[in-house]
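# Architecture at a glance
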Amino acid sequence: MDEDYGGRKGKAKAPEDTLLYSIFPDFALTESTSPEQVESKLKELQVNCLDIVSPFVKDYIWQHDSFNLQSSATTSTCPCTSSAEDSNSSPSVPHLHGRLKYGDNVDDEWFVVFLLYEITRKMPYVSARAWDTDGEFLLIEAAYALPRWLKPENSSNRVFIRHGELHILPLPASPAEIYRFPVKPSVADSLRVLSGGFLETRARDAVQDILNARVGGFPARAVENMHSVRVRVPVRVAQVLKHEPQLISKAVEGFYDRDVDSMKAAAKMEKFLGEKEMVDVCVTMSRAMYAQLVQQVFQAPRCYPMPPLSSPIYREAGLGMKISCGFEMIYYERSQYQPHFEDVEPGLVGFSDAAAKSSNLKAAQNKDIGWEAFRKSLGNKGYFKCLLEGSNEYRRLMNDALDYYRSTTLFSRTSMVMHAPVRCINEILALPHSSADFIGLELPPSDDDSWLYNGEEDLNAALLERQKEMDLYEEHHRNKQSKKPKEDSTSRKTMDDFNLEDIAKNMHAFVENMSSYEGAELPRNENSETVSLDMRQFLKELKSAVGANTKCVSTQENYLDDSGCSSSDMDFDENESDTCESIGLEETDEQVSMTKDNDGPSDTFMNEYSDMLKEQLNDTTLAKSFVRPEDLAKLGDKNKVNMLIQDPCQWEKSCVWQTG
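This is a predicted model, so every value here is computed, not measured.

## Some remarks on the overall build of the protein
Scanning the protein for helices and strands turns up 26 helices and eight strands. The buried share among the 660 residues of the protein stands at 38%. Relative to all contacts within the protein whose residues are 6 or more apart in sequence, the contacts with residues 24 or more apart total 78%. When the accessible surface of the protein is summed, it comes to about 38900 Å², and 52% of that surface belongs to carbon and sulfur atoms.

Right, here's the structure in full:
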């Protein structure tokens, strides 16, 4: 089941490696609640949610961002409804939302899902949902257990977490349910169903089991995901990690995503190297961060003191060097974001007001997601007038756009968020500190990192688990197919080719087609194959279907009712037909007499019907267009006549048809 539940309408698409989540309280659906009351209740809900998750996230080191919640009443832009395609969503529904970049550490994403499970379990009056770059990743995880009706096209606003379980809102099963719950629900419609409970929305047990197996290992799994290691770093780096351990994620991010400009800053180490005093500390990070540091080959800057390669502490010093360079790189990068150009942070090395302003423009161009969205919007609206990128006019328009963007509140908020680590580092380094604060401390040994090199077994186990799910799904599908009655291959092919959408398009094209005095022409199907018709087989099947008599052909004037064969619609013997066809026109008087003596009600009706038809057509030219047996006899050659009657395919070749 390779279904793609991404790119859906109903909420914004998440940026790369980013998780978006939202929490909807039931009181948000109460229209009588004033905006002030809603904002107050949302703040209270925010505090309660953070109280629930705080014991689990207290010592957890996030890969990039930490778990956060914001109120929709206090933010002008909501990531849940910021998509231009958001036609079914309800931006007016008050809620809490958050955004978390998990990067290479997917465990951060599933840890947040576990937290949402805990929040909805302990607060039964709220509903939550989560999606990432791939879309509905919860449905993707349980793809082999989903109901067959659930597709990416109809999954919008149907997947929620409530009471610590996954809920999938079903399709309406009757007109009454459509009135209460539309086919394409909005967020408000779905929340009313979840809070009202008048529909069964809990996902089947197979889906619950798969997701519980994924989040069931938390919070113990979060602890196992941490890795502690001893490193040798400068005093300033040790001071920052002592007061804010979470900043290790920013250092690893700066080192792993380094560019040429940040490497130039690391070559000088003006901020963190100081007097080159080195101390030993123990740093805790995620396994993904540790792997990113260890697997990277990086030459130490010339100014950075390193022990000899044969030294027993060379590995600790090398890892500490990468962390220190990462801090220098991230500090340089984030310093380019200044909330106010006239206020330069104290301790900012090497930046004047003009340099800060220029660096802000560069940061907006290269790092700011908001600027990228703003620039793309300008391009779609034709702001750059199809100018060549890099031309003077293009650069002028780009600078004007940057100046305008820097004056927006979005850029101010982005600058404050991006500049926050720099402000935090400056505040920590402003506190008194020295190398004596870290000398003589008892440090635990580094954790075993064999998991980094022996992960093949875990990978094979995960692949086998996925293969088992696939085998169970295919077996279940085969069992269901075997219970169905077998269909004819022709009818099955017809059903497979039956497409309502194509039929509707063809009907629309036919109705819209311009007709002439010769009538309307069907739209040509370019994909249709050439039709070949076996005239002999066609007439044979037609006679069989309508009960026509093919045994004998009479030369009498009453061609239809004087035949020597049975007129029954049900009885038809192919052998008898072949025998009679071999006789041709040579019927005996006895056969004709027997046929007339055995005329039944159907023969009488045919005679009367034929006489009435002749009487009505006598005054028209249509009667002259018929070819009768006596007309064929006038053609001369009796053998040719027999051939024409026995083989209908020769009629057209012999030009027997008359057009009148």
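Back to the write-up after that little detour.
## Description of the confidence of the model for the protein
Of all residues in the protein, 67% attain a pLDDT of 70 or more, and the chain-wide mean is 76. Of the regions scoring below 50 in pLDDT, residues 6-10 engages in 17 contacts with residues more than four places distant in sequence or in other chains. In the model, residues 82-90 has pLDDT below 50 throughout and makes 24 contacts with residues more than four positions away in sequence or in other chains.

## Examining the nonpolar core
Ranked by internal contacts, the top residues of the largest apolar core, which has 89 residues, are L166 and F327. With residues up to four places along the chain from it excluded, the contact list for L166 reads Y117, L138, V159, F160, I161, T201, R202, A203, V207, Q208 and L211. Judged by nonpolar contacts, the second largest core, of 12 residues, contains F24, F160, L169 and A188.

## Focus: the side chain of H95
Note that H95 resides in the loop between β2 (70-71) and β3 (96-101). Relative accessible area serves as the criterion here: at 2%, H95 is assigned to the buried category. A distance of 2.8 Å separates a polar side-chain atom of H95 from the backbone oxygen of V93.

## Section: the packing of aromatic side chains
Tallied over the entire structure, the rule returns 17 aromatic pairs. Taken together, a centroid distance of 4.7 Å and an interplanar angle of 80 degrees make the contact between Y60 and W62 edge-to-face. A network of ring pairs unites the aromatic residues F56, Y60, W62, F111, F114 and F218 as a single cluster. Above the ring of F438, the side-chain terminus of K242 is found at 5.7 Å from the ring centroid. Over the ring of F255 we find R258; its NZ or CZ atom is 4.5 Å from the centre of that ring.

## Description of the pairing of strand β1 (residues 18-25)
A large share of β1 lies buried, amounting to eight of its eight residues. Going residue by residue along β1, you find T18, L20, S22 and F24 tucked away on one face and L19, Y21, I23 and P25 tucked away on the opposite face as well. In terms of strand pairing, β1 meets β3 through six bridges, oriented antiparallel. In the strand pairing of β3, I23 is matched with L96. Here β1 runs beside strand β4 (residues 126-131); their pairing, made up of six bridges, is antiparallel. Among the inter-strand pairings, Y21 is bridged to a residue of β4, identified as A130.

## Describing the packing of helix α12 (residues 314-335) against helix α16 (residues 409-429)
Closest axis-to-axis distance for the α12/α16 pair is 8 Å, and the angle between their directions is 125 degrees. When the axis of α12 is compared with that of α16, the two are oblique. You can see that α12 and α16 cross each other, and the crossing is left-handed. For the pair α12 and α16, contact is made by F327, Y331, R334 and S335 and by V417, M418, H419, P421, V422, I425 and N426, respectively.

Conventions and cut-offs
- Residues numbered from 1 in each chain as written.
- Predicted model: local features only at pLDDT ≥ 70, side-chain atom pairs only at ≥ 80, totals over all residues.
- Heavy atoms only, no water.
- Helix = DSSP H or I, 4+ residues; strand = E, 2+ residues; numbered from the N terminus.
- Buried < 20%, exposed > 50% of the residue type's maximum accessible area, 1.4 Å probe, protein only.
- Contact = heavy atoms within 4.5 Å.
- Areas by Shrake-Rupley, 256 points an atom, 1.4 Å probe, with all protein chains shown as cover.
- pLDDT = per-residue confidence, 0-100.
- Core = buried A, V, L, I, M, F, W, Y, C linked by side-chain atoms within 4.5 Å.
- Polar contact = N/O pair within 3.5 Å; in protein donor to acceptor, adjacent residues only side chain to side chain.
- Phe/Tyr/Trp six-rings, centres within 6.5 Å; stacked < 30°, edge-to-face > 60°.
- Lys NZ or Arg CZ within 6 Å of the ring centre and 35° of its normal.
- Pairing = 2+ DSSP bridges.
- Axes fitted to C-alpha atoms, helices over the stretch in contact; angles between N-to-C directions.
- Parallel < 35°, antiparallel > 145°, perpendicular 65-115°, else oblique.
- Left-handed = near helix turned anticlockwise from the far one by under 90°.

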